[in-house]
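Residue-level listing of the chains:
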Amino acid sequence: MQDGLEDRAVGSVRMWETIVAVGFLIFGAVVVWESRRLGSEWASDGPQAGYFPFYIGVIICISAVVNLITALNAGPSGRQPFVYRKQIRMVLTVMIPCAIYVALIANPVYSLGIYEASALFIAIFMRYLGKYGWGSVVGVSLGTMLVFFIMFEIWFQVPLPKGPIEALFGFS
């Protein structure tokens, strides 16, 4: 990649604040909509299921509109660069593996389980970002998950999402 491309901004402050504000406005609107669908009134026996979420959604929408107006009226400061390519690459180096990690745990079709996914997550970060040798990577990632498994599943008896390896040993 050319040196000049590293210094290029990835959007302005105004652009990204507008995108985030619109995203929160959509999220708040969905909360309000679903709360109304569930029932957001005060019934004879107390609040309906959507009563409190409705007001939280309204607060989110109001806050999003305030942020949107502020972003659109930012003036010259809104044209400032928000982040540069080199900086966003560093953020994405952590964010993308984190999203994959969550998907490996929370996938409703096939879950790798929290222990296998965590061991894989630690191993990848140690090997590719920390540049550790394979012995350290395997020892730390598997050792950490073994300690966590004993602590949560056996000592505290907290059931966490399990994957195929735990199923082989009778834990499900």
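Use the structure listed above.
Residues numbered from 1 in each chain as written. Predicted model: local features only at pLDDT ≥ 70, side-chain atom pairs only at ≥ 80, totals over all residues. Heavy atoms only, no water.

> Honestly, a nonpolar patch on the surface in this entry has me stumped. Any pointers?
A contiguous nonpolar patch, built from Leu 146, Ile 150, Ile 154, Trp 155, Phe 156, Val 158, Ile 165, Leu 168, Phe 169 and Phe 171 and spanning about 1100 Å² of accessible area, is present on the exposed surface. At the level of secondary structure, the elements contributing two or more residues to the nonpolar patch comprise helix 6 (134-155) and helix 7 (164-168). When residues of the nonpolar patch are assigned to their parent elements, the largest contribution, four residues, is made by helix 6. Within the secondary structure layout, Phe 156 lies in the loop between helix 6 and helix 7. Owing to a relative accessible area of 52%, Phe 156 belongs among the exposed residues under this scheme. (Patch = residues over 30% accessible without salt bridge, like charges linked within 9 Å, V, L, I, M, F, W, Y side chains within 5 Å. Areas by Shrake-Rupley, 256 points an atom, 1.4 Å probe, with all protein chains shown as cover. Salt bridge = Lys/Arg side-chain N within 4 Å of Asp/Glu carboxyl O. Helix = DSSP H or I, 4+ residues; strand = E, 2+ residues; numbered from the N terminus. Buried < 20%, exposed > 50% of the residue type's maximum accessible area, 1.4 Å probe, protein only.)

> Just to check I follow, could you spell out the pattern of salt bridges for this structure?
It is possible for side chains of opposite charge to pair when their charged atoms get near one another. For the coordinates displayed, the defined rule picks out three salt bridges. With a shortest N-O distance of 2.7 Å, Glu 34 and Arg 37 are connected by a salt bridge. Of this pair, Glu 34 and Arg 37 both sit in helix 2 (residues 13-38), separated by three residues, roughly a single helical turn. The salt bridge partner of Lys 162 is Glu 153, with a shortest N-O separation of 3.0 Å. Given a relative accessible area of 12%, Glu 153 falls into the buried group.

> Mind showing me how you'd approach helix 6 here?
Because an α-helix packs 3.6 residues into every turn, residues spaced three or four apart end up facing the same way. The terminal C-alpha atoms of helix 6 lie 30 Å apart, and with 22 residues this matches the ideal 32 Å at 1.5 Å per residue to within 8%. The secondary structure elements touched by the buried residues of helix 6 are helix 5 (114-129) and helix 7. Positive phi appears at Gln 157, one or two residues downstream of helix 6, with a value of about 55°. (Expected span 1.5 Å × (residues − 1). Contact = heavy atoms within 4.5 Å.)

> Help me understand the environment of Glu 153 in this model?
In this structure, Glu 153 sits in helix 6. With 146 residues separating them in the primary sequence, Glu 153 and Asp 7 have C-alpha atoms 48 Å apart. Excluding residues that lie within four positions of it along the chain, Glu 153 makes contacts with Tyr 115, Phe 148, Val 158, Pro 159, Leu 160 and Lys 162. Here Leu 160 takes part through its backbone nitrogen, which lies 3.1 Å from a polar atom of the side chain of Glu 153. (Polar contact = N/O pair within 3.5 Å; in protein donor to acceptor, adjacent residues only side chain to side chain.)

> Explanation requested: the environment of Ile 150 in the structure shown.
Counting through the fold element by element, Ile 150 comes out in helix 6. A relative accessible area of 31% means that Ile 150 is categorised as partly exposed. In this structure the C-alpha to C-alpha distance between Ile 150 and Leu 68, which are 82 residues apart in sequence, comes to 48 Å.

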